[in-house]
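Descriptive structure summary
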Amino acid sequence: MQHLVDVDNFTLDEIDKILDDAKSFKTKLPPKLLSDKLIITLFFEASTRTRSSFEVAAKRLGASIVHLDPGKSSTKKGETLEDTFANLAAMGPNGVILRHSQNDTAEILANMELTPIINAGTGNYAHPTQALLDLFTIKEHFNNNLDNKKIAIVGDIVNSRVASSSIRLFKKVGLDLTLVAPKEFMPKSNLKSTDKLEDVLDSVDTIISLRAQLERHKKPIFEDYNQYAKHYCITEDMISNRDLAIMHPGPVMRNIDISDEVLSSEKSLVLKQVTNGVFVRMAILKHLLLDCNAN
Ligand code: CP
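Read on for an overview of the structure.

Analysis parameters
In every chain, residue numbers begin from 1 and rise along the written sequence. Only residues with pLDDT of 70 or above have their local features reported here, since the model is predicted, and side-chain atom pairs are shown and tallied only from 80 upward, although totals for entire chains, interfaces and linings are computed over all residues. Neither water nor hydrogens contribute to the side-chain values; these are computed over all heavy atoms in the structure. Helix and strand assignments follow DSSP, with helices taken as H or I runs no shorter than four residues and strands as E runs no shorter than two, numbered in order from the N terminus. Throughout this description, buried means an accessible area under 20% of the type-specific maximum (1.4 Å probe, protein chains only), exposed means over 50%, and partly exposed covers the range between. Only heavy atoms enter the contact rule, under which two residues are in contact if any of them lie within 4.5 Å. For this analysis, a polar contact is any N or O atom pair within 3.5 Å, provided that within protein one partner can donate a hydrogen and the other can accept it, and provided that sequence-adjacent residues contribute only side-chain to side-chain pairs. By convention in these notes, a residue is near a molecule or strand provided one of its non-hydrogen atoms lies within 4 Å of it. Per-residue accessibility takes into account occlusion by the displayed protein chains alone, with areas from the Shrake-Rupley method and a 1.4 Å probe. Residue polarity is assigned by list, with Asp, Glu, Lys and Arg as charged and Ala, Val, Leu, Ile, Met, Phe, Trp, Tyr, Cys and Pro as nonpolar; anything else, Gly included, falls into the polar class. Reported domain spans reflect what an automatic or database domain assignment gives. Any two strands are treated as partners once DSSP identifies two or more bridges connecting them. All axes are obtained by fitting lines to C-alpha atoms, using only the stretch in contact for helices, and the reported angles, taken between N-to-C directions, cover 0 to 180 degrees. Pairs were defined over the aromatic rings of Phe, Tyr and Trp, the Trp ring being its six-membered one, requiring ring centres within 6.5 Å. Orientation was assigned from the angle between planes: stacked under 30 degrees, edge-to-face over 60, tilted for the rest.

Side note on the environment of aspartate 156
Relative to the elements of secondary structure, aspartate 156 occurs in the loop between strand E5 (150-154) and helix H6 (161-172). With relative accessibility at 0%, the residue aspartate 156 sits in the buried group. Ignoring any residue separated from it by four or fewer positions in sequence, one finds aspartate 156 in contact with Phe185, Leu210, Arg211, Ala212, Gln213, His217 and Tyr228. Only 2.8 Å separates the side chain of aspartate 156 from the side chain of histidine 217, close enough to count as a polar contact.

Let's talk about unusual backbone geometry
The linkage connecting glycine 250 with the following residue, proline 251, adopts the cis geometry, with an omega of -10°. Note on placement: proline 251 falls in the loop between strand E9 (245-247) and helix H9 (260-263). At glutamate 113, a residue that is not glycine, the phi angle is positive and equals roughly 55°. Tracing the backbone shows glutamate 113 in the loop between helix H4 (105-111) and strand E4 (117-122). Looking at glutamate 113, the relative accessible area reads 43%, which means it is partly exposed. Residues other than glycine seldom take positive phi values, yet asparagine 143 does so here, at roughly 50°. Mapped onto the secondary structure, asparagine 143 falls in the loop between helix H5 (128-141) and E5. Accessibility expressed as a relative area gives 67% for asparagine 143, which makes it exposed.

Brief notes about the site of the ligand
With respect to spatial proximity, the complete set of residues near the ligand consists of Ser47, Thr48, Arg49, Thr50, Arg99, His127, Gln130, Pro249 and Gly250. Between threonine 48 and the ligand, the recorded distance is 2.7 Å, taken from a backbone N or O atom to an oxygen atom. Contacts to the ligand include glycine 250, whose backbone N or O atom sits 3.4 Å from a nitrogen atom. Surface burial for the ligand is 92%, taken as the share of its 250 Å² of free accessible area covered by protein chains. A breakdown of the residues in the shell around the ligand according to their chemical character gives 1 nonpolar, 6 polar and 2 charged. Each of domain 1 (7-127 + 274-294) and domain 2 (128-272) gives at least three residues to the shell around the ligand.

Topic: the sheet that holds strand E3 (residues 95-100)
Each strand in a sheet pairs with its neighbour through backbone hydrogen bonds, running either in the same direction (parallel) or in the opposite one (antiparallel). Taken in spatial order, the 4 strands line up as E2-E1-E3-E4 in an open sheet, and their pairing is parallel. Sheet topology places strand E2 (64-68) and E4 at the edges, where each strand pairs with a single neighbour. Recorded for the sheet is a direction-independent mean angle of 15° between the axes of neighbouring strands. By the bridge criterion, 5 bridges tie strand E1 (residues 38-43) to E2 in an arrangement that is parallel. By the bridge assignment for E2, threonine 41 is matched with histidine 67.

What about the packing of aromatic side chains?
Tallying each qualifying case throughout the model produces 6 aromatic pairs. Taking 5.2 Å as the distance between ring centres and 90° as the angle between the ring planes, the aromatic pair formed by phenylalanine 185 and phenylalanine 222 counts as edge-to-face. Of this pair, phenylalanine 185 sits in the loop between strand E6 (176-180) and strand E7 (192-194) while phenylalanine 222 sits in the loop between strand E8 (206-209) and helix H7 (225-232), and the two are 37 residues apart along the sequence. Here phenylalanine 222 and tyrosine 225 contribute two aromatic rings whose centre-to-centre distance is 5.7 Å and whose plane-to-plane angle is 85°, an arrangement assigned as edge-to-face. Taken together, the ring pairs in this structure connect Phe185, Phe222, Tyr225, Tyr228 and Tyr232 into an aromatic cluster.

Remember, this is a structural readout, not a statement about activity or role.
Right, here's the structure in full:
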């Protein structure tokens, strides 16, 4: 049974195939390849993009989708996550899409081997579908040529599951990475790093900005994010006439992560990331629910 707990579940060949499928789906919508499939979503944390994107992707492929709202489920009566999952799996879905605040939940449920688990974001550890759609967007922006492309990841890296999965994926495909953050947001890493955005502006091709993951801070880290923004917000002044692509997984904290002007400029790929997310998730669903079960 093939799961997607994190990007390491896929080989480079599988990643290439998924990104190729996503590109072809973006050019021409495929037939309803998953019309006999049923998917359940189980989101214990809020989501705008990922949940809707998975639903659109599933429907575009003809799959049925059922959402369980944990806030109105029997987890409120003390049912464990494992029991909730086992009961959903007993209904015979072809996969469960999970978002949860704890890092190891996708792996724990995957190890039960009841139905494929697709990780839609767990703790600060993994958000593999976001990393894959970000890689797709970078490849698309650079016409499929990643040679010598340099990426800076800027912001609350240590608390970001997007950064965590992206670092693993981008290393795997050989992208040059620099981490940019104040010490409070910098993870332990052997990657290049700096606390000054100015250090990388002339050398990178793409900046991936991240919001402060306030919901994961045990106590407030910065009292005033306007002060933080003076150093880390991506503004027109900062970019000047440089040829930079600006990305962000969302939700964007406007004028703290990225200024309004940059967000609405041609340099921003932020809504392209969302558009691409549907095609990449279609390709991931096809891979896990169809291709991996072909034999
Ligand atoms: N990028 C992302 O995970 O957004 P949502 O939290 O809205 O799903």
